Protein chains: 2
Amino acid sequence: MLTHAAEDYLKSIYKLQEKGGKVSTGILAEYLDVKPASATGMIKKLKTMKLVRHERYRGVTLTAAGKAIALEIIRHHRLLELYLFKALGVPWDGVHEEAEKLEHVISEEVEARMDEFLGYPTADPHGAPIPDKNGVVTQTASIPMTDLQKGQTCAVAEVSDNDSALLRHIGSFNLYPGTAFRVVEVAPFDGPFTIDIAGQQVVIGREVAKHIFVDQVQDPDNV
Amino acid sequence: MLTHAAEDYLKSIYKLQEKGGKVSTGILAEYLDVKPASATGMIKKLKTMKLVRHERYRGVTLTAAGKAIALEIIRHHRLLELYLFKALGVPWDGVHEEAEKLEHVISEEVEARMDEFLGYPTADPHGAPIPDKNGVVTQTASIPMTDLQKGQTCAVAEVSDNDSALLRHIGSFNLYPGTAFRVVEVAPFDGPFTIDIAGQQVVIGREVAKHIFVDQVQDPDNV
DNA sequence: AAACTAATTTAGGCATGCCTAAATTATATA
DNA sequence: TATATAATTTAGGCATGCCTAAATTAGTTT
């Protein structure tokens, strides 16, 4: 079995590969809050285990085996987040941290029981997709809220999960995934967004909006 | 924060202290499946942390601080066992192993939510007492099943939790804590027990009976 | 009391995974 | 092309927690 640290490296490589593309030692080290020299060491070890490919000075890639493990850990993480949120009522700004520890430790049995309890869900409380038990990820297309125009309606698809204070803030406006809203006003010069959620008007700063992703975007009827 | 290993040592010292009395380095090492030299090393470290008292060649004792941590871990373990059993339907012969890993990792928040969900329980699925959040243990008096006489009635109070196969065996007779039964026959020369559970007669070998503890013992009416 | 046995502790080693500092390689600029 | 800068890797160290082998201490026997 792999160590927790090794699992964290594989998970991080997968995530960085998803958005960025090339995963350098430095980027990986920064993401894991570790020095580059430490990342080099773990990369070497993972390479001997045939979980990653690596060419000096050229970055890391997951092998099929490495990707499978990364997806397994991500699945654990997201299932746990949703389970803690729905079954135990842990507030959504706390589930990430908790799942970060539990994801390395739960058995396949517990994974399966949570999955069943939750009705085989496809997204965690922040809207991130949950890989199925075969490692298949169903991605949904979404755009950053900052791309919205005045008058458009949409639904929250996903929010960043790593900043607890930000999540509390977003949660206070009820901007959970699935929530629909309409853009009432976009202040000029990269100013805040005023939106309408179920009749309530709230103002969302640009920095916050960058961490919110939406889908089901529709233009206003009267244009 | 303590390491998982240190927590396991404290927990083990507590448990050995409970039944045996004096906890020697050797006993502790054997219990933890570790060499005596390793136990010596950890004992030294725990001593510098003022979690145990130790005199060379004379055994270990928990300090108040050490006992508090031990009880906290045991509370986690037993709450987790019951939660996994009741909320997720993990079979009772699997919950021990799972809880063994999770006990070091859950937050106070999750502990509290499980406690609430379960209605502030006082015993785990094997009948072992769950310390309350202040570390208070409510012990119930029970006797080994092997002390029972023909004709007596009683209820299962507790069963050993560390042998998975044994638990499956006991479970197949429905001998869960709380289950009442009557002793129909005790075979001579330390032979097996024949008991009546809800009208069904089953035979329990002596070796198995040693791991079952009962309370509410009553003598037959017609004697 | 001396000697033997059992328990415990000390000493030295190994793997993991982090660190800092120095050396190396790649890339961009003059 | 030569040099400066940035990224990466190597080298050596530290803490944790396990191991084996050897030394020490305690307790028991003769």
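Attention here is on the structure that accompanies the text.

Criteria and thresholds
- Position numbers for residues start from 1 in each chain and track the written sequence from start to end.
- Lettering of chains starts at A and numbering of ligands starts at 1, both following the order in which they are written.
- Given that this is a predicted model, residues contribute local features only at a pLDDT of at least 70 and side-chain atom pairs are listed and counted only at 80 or more, while totals for whole chains, interfaces and linings are drawn from all residues.
- Each side-chain value is worked out from all heavy atoms of the structure, with water and hydrogens disregarded.
- Note on contacts: a residue pair qualifies if any of its non-hydrogen atoms lie within 4.5 Å across the two residues.
- Values labelled buried area give the accessible surface lost by two parts on being combined, using a 1.4 Å probe and summing over both.
- The salt bridge definition used is simple: a Lys or Arg side-chain nitrogen within 4 Å of an Asp or Glu carboxyl oxygen.
- Under the DSSP-based scheme used, a helix requires at least four consecutive residues in state H or I and a strand at least two consecutive residues in state E, with every element numbered from the N terminus.
- Categorising residues by exposure relies on relative accessible area from a 1.4 Å probe, with only protein chains included: less than 20% of the type maximum marks a residue as buried, more than 50% marks it as exposed, and the intermediate range marks it as partly exposed.
- By convention in this text, a residue qualifies as near a molecule or strand provided that one of its non-hydrogen atoms is within 4 Å of it.
- Here a polar contact is taken to be a pair of N or O atoms separated by no more than 3.5 Å, where protein atoms must pair a possible hydrogen donor with a possible acceptor and residues adjacent in sequence count only if both atoms sit in side chains.
- Residue polarity is assigned by list, with Asp, Glu, Lys and Arg as charged and Ala, Val, Leu, Ile, Met, Phe, Trp, Tyr, Cys and Pro as nonpolar; anything else, Gly included, falls into the polar class.
- Strands pair, by our definition, only if DSSP identifies at least two bridges between them.
- Note on method: axes are straight lines fitted to C-alpha atoms, helices fitted across the in-contact stretch only, with angles between N-to-C directions ranging 0 to 180 degrees.
- Roughly parallel covers angles under 35 degrees, roughly antiparallel covers those over 145, roughly perpendicular covers 65 to 115, and oblique covers all other angles.
- Any two of the Phe, Tyr and Trp rings considered here, Trp counted by its six-membered ring, make a pair once their centres fall within 6.5 Å; the pair's planes then place it as stacked at under 30 degrees, edge-to-face at over 60, or tilted in between.

In this complex, chain A contributes 17 residues to the contact, which on the side of chain B involves 17 residues. Buried area between chain A and chain B, both sides added, is near 1500 Å², and the carbon and sulfur share of it is 64%. Sorting the residues of chain A by area buried against chain B places Leu-88, Val-105 and Arg-113 of chain A first, and these three jointly supply 35% of that buried surface. Taken together, the connections running from chain A to chain B amount to zero salt bridges.

What follows covers the environment of Glu-72 of chain B. Mapping Glu-72 of chain B onto the fold places it in helix α4 (residues 64–87). Given the relative accessible area of 22%, Glu-72 of chain B is considered partly exposed.

It is worth spelling out the side chain of Arg-78 of chain A at this point. Residue position: Arg-78 of chain A is located in helix α4 (residues 64–87). Arg-78 of chain A sits in the buried class, given a relative accessible area of 15%.

The subject of this paragraph is the protein's contact with DNA strand D. Near DNA strand D lie 20 residues; those nearest to it are Gly-26, Lys-44 and His-54 of chain A together with Thr-3 and Ser-38 of chain B. Protein-proximal atoms of DNA strand D, defined as those within 4 Å of the protein, fall in sugar or phosphate at a share of 77%. Here a phosphate oxygen of DNA strand D and a side-chain polar atom of Thr-25 of chain A are 2.9 Å apart. Contact between DNA strand D and Gly-26 of chain A: a phosphate oxygen at 2.8 Å from a main-chain N or O atom of the residue. When its residues are assigned to classes, the surface near DNA strand D shows nine nonpolar, seven polar and four charged.

All names here are of chain A. Taken together, six strands build an open sheet; the order of strands is β3-β8-β4-β5-β6-β7 and the sheet is antiparallel. Both outer strands of the open sheet, β3 (143–144) and β7 (200–204), are each paired with one neighbouring strand and no more. One ladder, built from four bridges, connects strand β5 (residues 180–186) with strand β6 (residues 193–197); its direction is antiparallel. By the bridge assignment for β6, Glu-185 is matched with Thr-194.

Time to look at the protein's contact with DNA strand C. What surrounds DNA strand C is a group of 20 residues, the closest being Thr-3 and Ser-38 of chain A together with Gly-26, Lys-44 and His-54 of chain B. Contact distances for DNA strand C include 2.8 Å between a phosphate oxygen and a backbone N or O atom of Gly-26 of chain B. Breaking the surface near DNA strand C down by element, the ones donating at least two residues are α1 (4–19) and α3 (36–48) of chain A together with α2 (25–31) and α3 (36–48) of chain B. Broken down by class, the residue content of the surface near DNA strand C amounts to nine nonpolar, seven polar and four charged.

Residues and elements named next belong to chain B. Running from amino to carboxyl end, helix α1 (residues 4–19) crosses α4 at an angle of 95°, the nearest separation of the two axes being 8 Å. Taken as axis vectors, α1 and α4 run roughly perpendicular relative to one another. For the pair α1 and α4, contact is made by Glu-7, Leu-10, Lys-11, Tyr-14 and Lys-15 and by Gly-66, Lys-67, Ile-69, Ala-70, Leu-71, Ile-73, Ile-74, His-77 and Arg-78, respectively. Its residues assigned to classes, the contact of α1 with α4 comprises seven nonpolar, two polar and five charged.

In this section: the packing of aromatic side chains. Residues and elements named next belong to chain A. Going through the model one piece at a time under the given rule, you end up with four aromatic pairs over all chains. Judged by centre distance (5.4 Å) and plane angle (65°), the ring pair of Tyr-83 and Phe-117 falls under edge-to-face. With Tyr-83 in helix α4 and Phe-117 in helix α6 (residues 108–117), this residue pair connects regions lying 34 residues apart in the sequence. Using a relative accessible area of 48% as the deciding quantity, one classes Phe-117 as partly exposed.

Turning our attention to the pattern of salt bridges. If you walk through the whole model with that rule in mind, you get 23 salt bridges over all chains. Residues Glu-111 of chain A and Arg-75 of chain A are paired through a salt bridge, measuring 2.6 Å at the closest nitrogen-oxygen approach. Here the residue Glu-111 of chain A occupies a position in helix α6, and Arg-75 of chain A occupies one in helix α4, the gap between them amounting to 36 residues. The partner of Lys-150 of chain B in a salt bridge is Glu-185 of chain B, with the nearest N and O atoms 3.4 Å apart. Taken together, the residues Lys-150 of chain B in the loop between β3 (143–144) and β4 (153–159) and Glu-185 of chain B in strand β5 (residues 180–186) connect sequence positions 35 residues apart. For Lys-150 of chain B, a relative accessible area of 52% gives the class exposed. When its relative accessible area of 36% is taken as the criterion, Glu-185 of chain B is described as partly exposed. Beyond isolated ion pairs, a larger network of salt bridges with shared partners links Asp-8, Lys-11, Glu-100 and Glu-103 of chain A.

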